[in-house]
Amino acid sequence: MDRIMFRGIMPALITPVNEDGTIREAAARKLIGDLSQTGITGFYILGSTGEGVATDRDTRMEFAELVRDARPDGMKIINHIGASDLSTVKKLARHARKCGMDAISSVPPFFFSYDEQGVIDYYRAMSDESEGLPLIIYAAPMAGPLLPVSTIEKMLDIPGFIGMKFTNPNYYLMSRYKKIDGGNINIFNGPDETCALGLLMGADGAIGSTYNIMPRTFVGIYNAVQAGDMATAMKLQHKADDLIEALLHYSVVEAVKVALTVKGYDVGEATYPLPRMSESDKQKLIADLKKLGYPEEF
């Protein structure tokens, strides 16, 4: 089985919502359509940036269907279906298969402590319910410590398992994951601020929050690394990091949504209970972004 199924730059798509939690369909469709013209290869939906675990099950299914319908031909969708209860995970897995997602993904089971077999069983149930849809682990800090390489090796027996989204600064460990099965494992870089480094260390592609607001910059980083032009890759990475630094003074999801309003996307606020910015903080962030040449130079 060739597990390298996805490459390139994939925004961790934000979820435009109203105050009552309903989807802002027009804003979502416009954003999906515009991002698709920037050289990206697809979308990772309803993860941490997409506020999936803070969104009710039915709305998550509705949004998956919206993204499916709005994407142009060729755009892939990886649907994060992680939840704190297995019944929700199973239903979302079945729905992902039914509605035509290209892959599913999930953080390991969280909040309670799980042993290795419990983690493997969690992903196996996901695979069973989705009938072997391509499956990607989301290795995120909020979901606990990283899984050992030995655990990932055991997961190769799960039908559909292809790799992981690695959101961690430990690139030595990422390189160990990438050596599994002779490199036949699909690895995505997670930290936006070190995208170039992750690609250099072996990631096949990258998924990130700020790709919503500066997709062409990260497509440029990816293309430069593929061409062996690290000078260009690092120049673009440093440029992106200046903007990221401005965002990191606030909740990143909320800050990305504010940055999108500057580009004309009416995406709403972060979903409660994620923190929101005061009006004065929004104006300060917008001013800081404009000083950096955003959005025209990104």
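These numbers come from a predicted model, not from an experiment. (Residues numbered from 1 in each chain as written. Predicted model: local features only at pLDDT ≥ 70, side-chain atom pairs only at ≥ 80, totals over all residues. Heavy atoms only, no water.)

Comments concerning the overall build of the protein chain
When helices and strands are tallied, the protein chain shows eleven helices and eight strands. Computed over its C-alpha atoms, the radius of gyration of the protein chain comes to 18 Å, within 12% of the 19 Å expected for a compact globule of 298 residues. Considering only C-alpha atoms, the protein chain reaches an extent of 50 × 45 × 40 Å along its principal axes. Considering only residue pairs separated by 6 or more positions, the protein chain has 73% of its internal contacts joining residues 24 or more positions apart. (Helix = DSSP H or I, 4+ residues; strand = E, 2+ residues; numbered from the N terminus. Rg over C-alpha atoms; globule rule 2.2 N^0.38 Å. Contact = heavy atoms within 4.5 Å.)

Concerning the environment of N168
Structurally, the position occupied by N168 is in the loop between β6 (161-166) and α6 (171-178). Judged by relative accessible area, N168 falls into the buried class, the value being 18%. Here N170 takes part through its backbone nitrogen, which lies 2.9 Å from a polar atom of the side chain of N168. (Buried < 20%, exposed > 50% of the residue type's maximum accessible area, 1.4 Å probe, protein only. Polar contact = N/O pair within 3.5 Å; in protein donor to acceptor, adjacent residues only side chain to side chain.)

Re the sheet that holds strand β1 (residues 8-13)
Strands sit in the order β1-β2-β3-β4-β5-β6-β7-β8 around a closed barrel of eight strands; the barrel is parallel. Within this sheet the neighbouring strands show an average axis-to-axis angle of 25°, counted without direction. Where strand β2 (residues 42-45) lies against strand β3 (residues 76-80), four bridges are found, and the strand directions are parallel. Counted as the bridge partner of Y44 is I78 from β3. (Pairing = 2+ DSSP bridges. Axes fitted to C-alpha atoms, helices over the stretch in contact; angles between N-to-C directions.)

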